[in-house]
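One-letter residues, chain by chain:
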Amino acid sequence: MKKNKYISKVFLVAFLAIGMFSCTNGFEEMNQNPNNFNDATPEALFAGAVKSTVDLVGGDMNDQMYNNYASYYGGKGGQFPKFFYTDSGLDSYWKRFYVNILKNTQAIIDTYSDDPKYANRVHIAKIWKSYVYSVLVSTFGPVPYTDALGSSTATTYDSEEFIYIDIMDMLKAAGDGISVTGDKLSKDPVFNGNNLMWKKFANTLRLKIALRIAVGFPALAEKHGTEVMANEAGLISSNTENIAMKWETILENWSFNYNRYVNVPAQEDVVPFVNFHYILNMKTYYDPRLKVIAEPSTNPITITDTLSKSGSTTGQRVVVKYMLPYFGRPIGGTVALSDWNLNPSKNILNGIANNRYSKPSKLLFMAQDMKFNIVTFAELNFMLAEAKLKGWGGSKTVEDYYYAGIDASFQQYGVSSGAAAYKARDGVKWGTSSIGDKDLFGIVTSGISTDPMDKIARQLWLTSYNQGHDIWCLQKRTRLLPLIPNFSPDTSFGTEFTDIPERMVYPISEIGLNNAGYVAAIQALGGNQMSTPLKMNKAPLYTPNYWNDLPAVFNQEFARRFYGESENDLTAAGLVKGTGTTPTKTTYTIIKTIEN
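Here is a short report on the structure shown in this document. Computed from a predicted model, the values in this text were never measured in an experiment.

**Let's talk about the overall build of the chain**
- Helix and strand content of the chain: 18 helices and nine strands.
- In terms of its C-alpha atoms, the chain occupies a principal-axis envelope of roughly 85 × 50 × 50 Å.
- Of the contacts made within the chain by residues no fewer than 6 positions apart, 74% connect residues no fewer than 24 positions apart.
- Carbon and sulfur atoms make up 50% of the accessible area of the chain, which totals about 22600 Å².
- Both charge centroids of the chain, one from 57 positive and one from 56 negative side chains, sit 4 Å from each other.

So this is what it looks like as structure tokens:
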């Protein structure tokens, strides 16, 4: 057995339940011999790595970076959410990746690889290492890998391709090599000792990464994608097998969001609000998942709408007022570009207090014991649809996988009705297109084309709320989501707007600690800017002046027809016709009738 060279201090934490089971012994091993690192068990080391991963990838970085880049959050204050960064923040993220997470997984690999009694547990450590590096490399680009976890700070930055080749091979070996009846983690914080689920995780993650790198490394992606698609039985097969990390209700293991925004209420300029464009794309298609994913406004705005009159046989219409229960905040707030020369008085959201916008569901995304999904069954079905579209194999048609993804998403969110009507709507329905609704500025719409990949990408975005890193990567490799730049970026840029970042820059500490590796990595990348593209990214669609030259105009399409096209839809939603001209949350008022 190899001597352990790379053991970092394991954080002392109480139990954190993770994954599809509600296990109660996941992190107990961490509290035994915490300072005797050379004798640390795989269970103690692994528990520390998993706890640190959920806190970092599912917590801090998701809040500050990924959910903003994926347009799940809108108008959030702070330098990272405004598409910039802080040096101290980046240094912290970098150290937490390498010291708190990867050194622990590497310690298991280095210490136990030569002992067959630990074969499965070494594979499990390699799966987690692969997952973490898949996040690292798609965030920064080339990063220290081959010699990153030794005692020296002077390390080589390996290329994106080199790292992907290695982690894909590790995942293949784990998917093939884990014995269901072999050794297992006695304290398994992810699958409670279920080795079959570890095999499925390896296979499913391998397909996910293959699709992610298909633009930058097509041959490598196809090789692994076709191999995985040849054995669909090796993938997760239902929502009961969704792979998710889960915080706990005990104080030491509260979720990042609960600690940051609920336990001690935060200022409204940094609280997460649901993104405007995300809600727009749900509202257009009367998506019932919206009411599960987002909280209604506590102080709705009143809108004026024109609808078909209830009971009319002559085509009469009515002008009505009602309160808009759900509306999101644009990524940069309601700021418009100066080149558009727009009149702020035409902006229905101008001057709206921050606390009036819809927030993410308290139950799903602000609870002490909230989940952070790594892969869901709905997501997998959309992955299978894309893989089939690429010709990588598959037992069903692209269309069948697509609809199965929507059905799985509705089930995941506990929406028991409305799926059939949703799937029948133009744009959502296979083979159809829709014009959609214009956004606040009239520069993008929620329309969906007949392009199969447009439909798949849109549904992946809608179903994967809070999986910010995944959707940021999806947008970088497809450019299909109808998103906009940040029109109120951090002032450090000195520009009116900043596009969604292509990557994150390296931490400044690397200049002093690992200068040679840092310089070589920047030369290989062609720069160290947030706009420097990664090899996995598809080329940007727009020139720098594209947004300035658009014929923007403030409009209210995003707010109209929230309940439907007719007055009957208002009453079906539970609104009652009121008197006077001022509606309430439960009433609507008729301003006038328009004859046909």
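Next comes the rest of the description.
**With respect to the environment of Y401**
- With respect to the element layout, Y401 can be found in helix α12 (residues 398–412).
- For Y401, a relative accessible area of 1% corresponds to the buried category.
- Discounting residues that sit within four places of it in the chain, Y401 has contacts with M229, E232, N381, L384, A385, K388, G394, S395 and K396.
- There is a polar contact of 3.3 Å between the side chain of Y401 and the backbone nitrogen of K396.

**As for helix α7 (residues 256–263)**
- Within α7 the residues assigned to the buried category are F256, N257, Y258 and Y261.
- Those residues of α7 that are buried lie in contact with α1 (42–69) and α10 (362–365).

**Re the packing of aromatic side chains**
- As enumerated under the stated definition, the model contains 50 aromatic pairs in all.
- Relative to Y506, the ring of F140 lies with its centre 6.4 Å away and its plane at 10°, an arrangement referred to as stacked. Of this pair, F140 sits in helix α3 (residues 119–140) while Y506 sits in the loop between α15 (468–478) and α16 (509–513), and the two are 366 residues apart along the sequence. Side by side, F140 and Y506 carry an identical accessibility label, which is buried.
- An aromatic cluster is defined as three or more aromatic residues linked by ring pairs; in this entry it consists of W94, Y98, Y133, F140, Y145, Y157, F162, Y506 and Y518.
- Positioned above the aromatic ring of W472, the side-chain terminus of K476 is 3.7 Å from the ring centre.
- A cation over a ring is seen here: R503 above Y506, with NZ or CZ 4.8 Å from the ring centre.

What counts as what
Residues numbered from 1 in each chain as written. Predicted model: local features only at pLDDT ≥ 70, side-chain atom pairs only at ≥ 80, totals over all residues. Heavy atoms only, no water. Helix = DSSP H or I, 4+ residues; strand = E, 2+ residues; numbered from the N terminus. Contact = heavy atoms within 4.5 Å. Areas by Shrake-Rupley, 256 points an atom, 1.4 Å probe, with all protein chains shown as cover. Lys, Arg positive; Asp, Glu negative; His and termini not counted. Charge placed at Lys NZ, Arg CZ, Asp CG, Glu CD. Buried < 20%, exposed > 50% of the residue type's maximum accessible area, 1.4 Å probe, protein only. Polar contact = N/O pair within 3.5 Å; in protein donor to acceptor, adjacent residues only side chain to side chain. Phe/Tyr/Trp six-rings, centres within 6.5 Å; stacked < 30°, edge-to-face > 60°. Lys NZ or Arg CZ within 6 Å of the ring centre and 35° of its normal.

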